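# Summary of the model geometry
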Amino acid sequence: MDLGIRDKTAIVCGASRGLGYAAAGELAAEGAKVVICARGAGPLEEAARRIAGETGSPALPVAADVSRAGDVSRVVEAALEAFGGIDILVNNAGGPPPGLFETHDDRAWLAAFELNLLSAVRFSRAVIGPMRRSGGGRIVNITSVAVKQPVDNLVLSNAVRAGVVGMAKTLSNELAPHGILVNNVCPGFILTDRLVSLIRGRAEKQAVSYQEALDSFTSQVPLGRTGEPAELAALVAFLCSQRASYITGATILVDGGLCRALM
């Protein structure tokens, strides 16, 4: 299937590893030019080399902290300077720390807000102009199953990521006349470093083995396993494609059936 994104320019955030790396690799495999950002310059540059080597598509690394307004501007400017436009934005950032409500002070809440919501706001705001000038574009936010079904011990993620969905739904209506489509994808238990950390934390808290803690996660999933980053990346690429030209304002789960909600 030709997704129609060859030679498009994509910015993918949090792309040195995990879901962001998988999404960038999938877009590059479809022929897109990718600009990837993350905080660690070394791992990011290595990720760019792997993506370019495996796909043959250009991959530009720009070290940046997505929670900082100046870094957001720098990533967008680098994309425009290198490739002349921006067609795709994939908003993605690591999750805030776990913990019960009473364990988080104002600083933790503000940090979560800046990392997971304000970063998506800033990047989206920065790319709207270039997308409008080129006649359209795609914005995809990687959020979490928590926006549909809150996850225990993750109150910061549960609250702040829901704000991303509210913002995106409003933005999808405002930008539809300009051919800019805005959607959210919601990973469940995808086997990334983040999930491994959560599993280890549960194992330590419950004094069980890693495998036993992993089993407690997968026992909640009808498919009986964790997901792979590539499985989420495939959906991201599709939503960025010409094939998905009538999908906007949607929030789509990639969770093996974990979420029990009807909608």
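Quick note: structure is the one above.
What this report covers is the structure whose coordinates are included nearby. (Residues numbered from 1 in each chain as written. Predicted model: local features only at pLDDT ≥ 70, side-chain atom pairs only at ≥ 80, totals over all residues. Heavy atoms only, no water.)

### A look at the state of the cysteines
Basically, it comes down to this: Criterion for a disulfide: a pair of cysteine sulfur atoms within 2.5 Å.
Tallied over the entire structure, the rule returns zero disulfides. The thiol sulfur of Cys13 is not disulfide-bonded, and the nearest other cysteine sulfur, from Cys37, lies at 3.9 Å. Summary of cysteine pairing: Cys240 is not part of a disulfide, and the nearest cysteine sulfur, belonging to Cys13, is at 12 Å.

### Thoughts on the environment of Lys205
What counts is decided by this rule: Numbering of helices and strands runs from the N terminus, with a helix taken as a DSSP run of H or I at least four residues long and a strand as a DSSP run of E at least two residues long. Categorising residues by exposure relies on relative accessible area from a 1.4 Å probe, with only protein chains included: less than 20% of the type maximum marks a residue as buried, more than 50% marks it as exposed, and the intermediate range marks it as partly exposed.
As for its placement among the helices and strands, Lys205 is situated in helix 6 (residues 193-206). Exposure remark for Lys205: the relative accessible area of 67% places this residue in the exposed category. Sequence separation between Lys205 and Pro222 is 17 residues, and the spatial gap between their C-alpha atoms is 25 Å.

### What to know about the packing of aromatic side chains
Cut-off, in case you're wondering: Stacked, edge-to-face and tilted labels apply to pairs of Phe, Tyr and Trp rings (six-membered ring for Trp) whose centres lie within 6.5 Å, assigned for plane angles under 30 degrees, over 60, and everything in between, in that order. Two conditions define a charge sitting above a ring: the NZ of Lys or the CZ of Arg must be within 6 Å of the ring centre, and it must be within 35 degrees of the ring normal.
Per the counting criterion, the structure on display carries two aromatic pairs. Seen from their ring centres, Phe189 and Phe217 are 4.8 Å apart, and the 75° between their planes marks the pair as edge-to-face. You can see Phe189 sitting in the loop between strand 6 (180-187) and helix 6 and its partner Phe217 sitting in helix 7 (residues 210-218), a full 28 residues away along the chain. Among the residues examined, Phe189 registers a relative accessible area of 11% and is labelled buried. Between the NZ or CZ atom of Arg202 and the centre of the ring of Phe217, over which it lies, the distance is 4.1 Å.

### Comments concerning the nonpolar core
This is how the line gets drawn: By convention a nonpolar core is built from buried Ala, Val, Leu, Ile, Met, Phe, Trp, Tyr and Cys residues, the set being connected through side-chain atoms within 4.5 Å. The contact criterion used is simple: two residues touch if any of their non-hydrogen atoms lie within 4.5 Å.
Ranked by size, the top nonpolar core spans 33 residues in total, and within it Leu27, Ile36 and Val236 carry the most contacts. In terms of residue count, helix 1 (residues 18-29) provides more of this core than any other element does, six residues in total. Among all residues touching Val236, those that are not within four sequence positions of it are Ala23, Val90, Val140, Ile142 and Val185. Counting residues in each nonpolar core, the second largest holds 28 residues, with Cys13, Met131, Met167 and Val182 among its members.

### Structural notes on the sheet that holds strand 5 (residues 137-142)
Short version of the rule: Two strands qualify as a pair provided DSSP detects at least 2 bridges between them. Note on geometry: axes are lines fitted to C-alpha atoms, helical ones only across the stretch in contact, with angles between N-to-C directions running from 0 to 180 degrees.
The strand order across the open sheet formed by seven strands is 3-2-1-4-5-6-7, and the pairing between neighbours is parallel. Only two strands of the sheet have a single neighbouring strand rather than two, namely strand 3 (59-63) and strand 7 (251-254). Sheet twist, expressed as the average angle between the axes of neighbouring strands with direction ignored, equals 20°. Relative to the sheet, helix 1 contacts strand 1 (9-13), strand 2 (33-38), strand 4 (88-91), strand 5 and strand 6, its axis offset from that of strand 1 by approximately 170°. Across the sheet, helix 4 (residues 106-134) touches strand 1, strand 2, strand 4, strand 5 and strand 6, and the angle it forms with strand 4 is around 175°.

### Notes on unusual backbone geometry
Unlike most non-glycine residues, Asp7 shows phi in positive territory, near 70°. Backbone geometry places Asn153, a non-glycine residue, at a positive phi of 70°. Topologically, Asn153 is positioned in the loop between strand 5 and helix 5 (155-175). Look at Asn153 and you get partly exposed, because its relative accessible area is 33%.

### Quick notes on the pairing of strand 6
How we decide: A crossover gets the label right-handed when its path from the first strand over the helix to the second runs clockwise, viewed with the strands pointing away from the viewer.
In terms of burial, strand 6 is a largely internal element, eight of the eight residues being buried. Every second residue of strand 6 is oriented toward a common face, with Ile180, Val182, Asn184 and Cys186 on one face and Leu181, Asn183, Val185 and Pro187 on the other, all of them buried. Strand direction decides the pairing type here: strand 5 and strand 6, joined by six bridges, are parallel. What sits directly across from Val140, in strand 6, is Asn183. With helix 5 bridging strand 5 and the parallel strand 6, this β-α-β connection has right-handed handedness. Inspection of the sheet shows strand 6 paired to strand 7 by four bridges, in the parallel sense. Bridging across to strand 7, Asn184 finds its partner in Thr251.

So yeah, pure geometry; function would need other evidence.
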